[in-house]
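If you want the building blocks of each chain, they are given just below.
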Amino acid sequence: MKRFQLLLVTTWCVLAVVLSQENHQAIAKVASGQPNIVFLLTDDQDVKLDSMHMQLKLKKYMLDEGLFFENAFVTHPVCCPSRSSTLTGKYTHNHHTYENNVAHGCNAPSWRENNEAKTMGAYMNKAGYNTGFFGKYLNNYAFPQTGVNVTHIPEGWHTWFTLVGNSRFYGYTDSNKGGAEKHGKDYGQDYFTDVIKRHAVSFIKNATSSDADKPFFMYIATPAPHRPATPAPQYANMFSDKTAPRTPSYAFKPGDKHWIISEGTPQMDNATIKTVDDLCLDRWRTLLSVDDLLEEVVMALQVIFVKSGGGIFDGLPVDLVEEWCPVTFTSICWYFTTSESCVVL
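A brief look at the structure comes next. (Residues numbered from 1 in each chain as written. Predicted model: local features only at pLDDT ≥ 70, side-chain atom pairs only at ≥ 80, totals over all residues. Heavy atoms only, no water.)

### Structural notes on the environment of serine 240
Put simply, the rule is: A run of H or I in DSSP counts as a helix once it spans at least four residues, and a run of E counts as a strand once it spans at least two, with each numbered from the N terminus. In what follows, residue pairs with any heavy atoms lying within 4.5 Å of each other are defined as contacts.
If you trace the backbone, serine 240 turns up in the loop between strand 8 (216–225) and helix 8 (259–262). C-alpha separation for the pair serine 240 and aspartate 277, spaced 37 residues apart in sequence, amounts to 9.8 Å. With sequence-adjacent residues up to four places away left out, serine 240 is seen in contact with Leu281 and Arg285.

### Here's the deal with the pairing of strand 8
This is how the line gets drawn: Burial classification: accessible surface area is computed with a 1.4 Å probe over protein chains only, and a residue below 20% of its type maximum counts as buried, one above 50% as exposed, and the rest as partly exposed. Whether two strands pair comes down to DSSP finding at least two bridges between them.
With 10 of 10 residues buried, strand 8 is to be regarded as a mostly interior element. As judged from the 6 bridges shared by strand 3 (residues 36–43) and strand 8, these two strands associate in the parallel manner. Among the inter-strand pairings, aspartate 43 is bridged to a residue of strand 8, identified as proline 225. Direction of pairing for strand 4 (residues 130–135) relative to strand 8: parallel, over a ladder of 6 bridges. Pairing of phenylalanine 134 across the sheet is with isoleucine 220, part of strand 8.

### A look at the state of the cysteines
To keep things clear, this is the line we draw: Cysteine sulfur atoms are paired as a disulfide whenever they come within 2.5 Å of each other.
Enumeration according to the criterion identifies 1 disulfide in this entry. With no disulfide partner, cysteine 79 has as its closest neighbouring cysteine sulfur the one in cysteine 80, 6.4 Å distant. A relative accessible area of 5% places cysteine 79 in the buried class.

### Digging into unusual backbone geometry
Between alanine 224 and the following residue, proline 225, the backbone shows a cis peptide bond with an omega angle of 0 degrees. Relative to the assigned elements, proline 225 resides in strand 8. A cis amide bond links arginine 227 with the next residue in sequence, proline 228, at an omega value of 15 degrees. Mapped onto the fold, proline 228 is located in the loop between strand 8 and helix 8. Despite not being glycine, asparagine 107 shows a phi value in the positive range, around 55 degrees. The residue asparagine 107 is located in the loop between helix 3 (92–95) and helix 4 (109–114) in this model. Residues other than glycine seldom take positive phi values, yet lysine 177 does so here, at roughly 55 degrees. In this structure, lysine 177 sits in the loop between strand 6 (173–176) and strand 7 (179–182). Residue class for lysine 177 comes out exposed when judged on its relative accessible area of 59%.

So, to be careful, I would describe these as geometric facts and stop short of saying anything about function.
Right under this line is the structure:
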């Protein structure tokens with residue numbers, strides 16, 4: 001198979017792989033020359049804490065041959081404001097989502113009135129794309145205080161499969177084309193990253209068969225590696241010989257910082273160190289399921305574009321930033337980002 005083009009950007013990382021022109025069943029016929037686009041967003045992933053080095057499939061398909069953009073920046077260090085920026089391309093002071101609650105704009109009526117018709121999905125729909133959303137939308141989606149329920153499908157999305165509320169791996173409710181589906185704790189049926197994977201692959205197969213003359217845009221937003229960071233059972237014991245990276249700032253308590261740091265933060269004891277290590281390992285483990293998702297989507301597409309966002313790293317030190325990085329492609333693209341926001345500690 002001839003490989004024509006590979007581009008990776010990750011930090012907010014954009015990855016793109018444009019592979020075969022020969023496999024026309026895997027690549028939608030786009031008479032207008034518009035590329036098919038896959039956008040993959042992880043939740044709260046780090047760069048500095050080695051998480052991407054644990055993702056061997058990401059390395060295989062993206063990092064080894066990709067272009068890595070290091071100097072990109074988040075618009076906001078909190079989840080919902082940053083996701084709002086990702087969806088709209090606006091800064092926080094323009095989309096007015098300031099925190100993760102409805103009172104401060106997260107999936108509030110004001111968001112729907114002023115922004116939902118101006119997201120990636122809406123614009124790609126107007127550009128003639130078959131659009132699909134899979135995974136986490138905004139933190140309070142379909143909560144009663146937002147004024148809408150699971151029947152609400154934001155403008156522009158033809159296929160809609162999203163999580164009600166914030167990141168979960170089991171015991172959640174989703175909105176599947178506007179209908180509520182409740183999930184339990186059975187790995188085979190309910191593990192959210194895998195459920196997203198199945199919906200995404202199904203979308204690709206449908207888009208490249210029934211709508212083969214129409215370009216597609218899909219937005220995949222996994223819960224990993226955000227808390228509760230519940231790994232799939234087959235990965236539950238991976239990396240047990242490792243610990244969280246001991247960076248120069250690890251367990252360091254400076255005396256010349258703000259009093260919250262210098263006086264209000266206790267020295268890490270053994271119990272805290274174990275908690276941090278356990279959380280870090282579980283975060284890495286959840287990303288192995290993202291690796292599986294990535295590989296199956298690659299196999300379905302034969303071509304890719306990826307993006308990674310930031311997050312509030314649950315107390316772990318990070319140095320990850322994000323920004324939308326526009327890139328032009330000629331066939332199919334992946335845009336991958338490691339998390340929607342970040343905090344530098």
